[in-house]
Amino acid sequence: MEERSNSFDHLLYNGIGAYSTNRAMLLSCVYRCVEVISDSVAQLPLEPYKLDSQGYKIKFTSHPTYRLLNSEPNNRMTRFTFIKTLIVSTLLKGNGFAYIERDDEGNAIALHYIPSDQVTINPPATIKDNVTYSVVGLSKAIEACNMIHILNFSYDGITGLSTLAHARNTLGLASDSEAHASGFFRGGANLAGILTVQSTLTSKQKQDLKSSWQTAFSPTTGQPNGVAVLEGNMEFKPITVNPTDAQLLETREFNVIDICRFFGVSPVKAFD
């Protein structure tokens, strides 16, 4: 037990437990849904109870897990942070893992969060075998009795699937619309257009004309709402907004509703 504990501390302090933020968290609606669910679960009471001689439930404050579940699961996290992180991993990764550290008598003395990217689930070979877990940095597999494993949606009851995996198509559309909106409004929401000249221009003249126009009317280098000065027989013909641009905001609103459906969060709580 001591050897495993030291190995686990080495795993944590060497930064192997760090994991990258999922790209979908860049979407405000996904971030809000995950925030609402994880905060709500982290605030729930987790108190062990026992039955007294008359059959009534009373708080079992002397149980070893009472302090872990209500005060400090480990010396790095508070109770709220531990549960919140576990639920965030469950929602975004499909699985939430926490290693149960025990003393020589088998009592739980600490709960250590493990990023799901560092855990491999070893399914049972037969119906009588138990699930085991292999963790990066630990030489021995962890038995199921020493691992807290919270599953999200699962087909086999062993491996959880991320909510984002089911919402991949919808979230992909949302990311594309956010990127399109960013580019559209970054350009000052100006319409594209064509400069026509009733004469033949060389390649260098075309490039110079285009560069001077962009310099004058770029939202970053010039004045997007400025006044154009056309020389000679030049003419500017604007290109009207296509249906994709016209329905941009409407599409983004539909994305919010779809994402909330996947997470089971009311659109009101996502500030729709």
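Only a predicted model underlies this, so the values are computations on that prediction, with no experimental measurement involved. (Residues numbered from 1 in each chain as written. Predicted model: local features only at pLDDT ≥ 70, side-chain atom pairs only at ≥ 80, totals over all residues. Heavy atoms only, no water.)

### Section: the side chain of Asn-74
Our working definition: Put simply, DSSP marks the helices as runs of H or I at least four residues long and the strands as runs of E at least two long, and each gets a number from the N terminus on. Here's how the labels work: a residue is buried when its accessible area is under 20% of the maximum for its type, exposed when over 50%, partly exposed in between, all with a 1.4 Å probe on protein chains only. A 3.5 Å cut-off defines polar contacts: any pair of N or O atoms within that distance qualifies, except that in protein one atom must be a possible hydrogen donor and the other a possible acceptor, and neighbouring residues in sequence count only when both atoms are side-chain atoms. Between two residues, a contact is recorded if the distance between any of their heavy atoms is within 4.5 Å.
Mapped onto the secondary structure, Asn-74 falls in the loop between helix 3 (64-70) and helix 4 (79-93). Taking relative accessible area as the criterion, Asn-74 reaches 4% and is therefore assigned buried. In this structure the side chain of Asn-74 is engaged in a polar contact, spanning 2.9 Å, whose partner is the backbone nitrogen of Met-77. Setting aside its immediate chain neighbours within four residues, Asn-74 contacts Phe-82, Leu-111 and His-112.

### Observations concerning the sheet that holds strand 5 (residues 119-122)
Sheet strands pair by backbone hydrogen bonding; their relative direction is either parallel or antiparallel. Basically, it comes down to this: When DSSP locates at least two bridges between a pair of strands, those strands are taken to pair.
Spatially, the 3 strands line up as an open sheet ordered 5-6-7, and their pairing is antiparallel. Two strands bound the open sheet, and with one partner strand each, they are strand 5 and strand 7 (142-143). Relative to strand 6 (residues 132-135), strand 5 is paired through 4 bridges, and the arrangement is antiparallel. Following the sheet pairing, Val-119 is matched in strand 6 by Val-135.

### A look at the confidence of the model for the chain
Formally: pLDDT measures the predictor's confidence residue by residue and takes values from 0 up to 100.
Per-residue confidence for the chain gives a mean pLDDT of 75, with 64% of residues at or over 70. Across residues 244-249, confidence stays below pLDDT 50; counting only partners more than four residues off in sequence or on other chains, it has 8 contacts.

### Things to note about the pattern of salt bridges
When their charged atoms lie close together, side chains carrying opposite charge are able to pair. Formally: By definition, a salt bridge exists where a carboxyl oxygen of Asp or Glu is found within 4 Å of a side-chain nitrogen of Lys or Arg.
Scanning all chains against the criterion turns up 4 salt bridges. Lys-59 is the partner of Glu-47 in a salt bridge, and the nearest nitrogen-oxygen pair spans 3.3 Å. Of the two residues, Glu-47 is situated in the loop between helix 2 (28-42) and strand 1 (49-51) and Lys-59 in strand 2 (residues 57-59); the sequence distance between them amounts to 12 residues. When its relative accessible area of 25% is taken as the criterion, Glu-47 is described as partly exposed. Here Asp-117 ties to Lys-93 by a salt bridge, and the two come within 3.7 Å at their closest N and O atoms. Here the residue Asp-117 occupies a position in the loop between strand 4 (108-114) and strand 5, and Lys-93 occupies one in helix 4, the gap between them amounting to 24 residues. Residue classification places Asp-117 among the partly exposed positions, given a relative accessible area of 46%. Through salt bridges with shared partners, a single network forms among Glu-35, Asp-39 and Lys-84.

### Topic: the state of the cysteines
Inclusion rule: When two cysteine sulfur atoms are found within 2.5 Å, that pair is recorded as a disulfide.
For the structure on display, the rule yields 0 disulfides. No disulfide involves Cys-29; its sulfur sits 3.9 Å from that of Cys-260, the nearest cysteine. Residue Cys-29 is classed as buried on the basis of its relative accessible area of 7%. Cys-33 carries a free sulfur, and the closest cysteine sulfur to it, the one in Cys-260, is 4.0 Å from it.

### Quick notes on the environment of Pro-124
Its place among the elements puts Pro-124 in the loop between strand 5 and strand 6. In the structure, Pro-124 is positioned 34 residues away from Ile-158 in sequence and 9.4 Å away in space, judged by C-alpha atoms. Once residues within four sequence positions are removed from consideration, Pro-124 is found in contact with Asp-129, Asn-130, Val-131 and Ile-158.

### Observations regarding the nonpolar core
Across soluble globular proteins, nonpolar side chains show a tendency to be buried alongside one another. Rules: Here the nonpolar core consists of buried residues drawn from Ala, Val, Leu, Ile, Met, Phe, Trp, Tyr and Cys, with membership extended through side-chain atoms lying within 4.5 Å.
Counting 28 residues, the largest nonpolar core has Cys-29, Val-30, Cys-33, Val-34, Phe-82, Ile-259 and Phe-263 as the members making the most contacts within it. Elements with a contribution of two residues or more to this core: helix 2, helix 4, strand 3 (95-102), strand 4 and helix 9 (248-263). Discounting chain neighbours no more than four positions away, the residues touching Cys-33 are Ile-259, Cys-260, Phe-263 and Val-265. Listed in part, the 11 residues of the second largest apolar core include Ile-114, Val-119, Ile-121 and Met-147.

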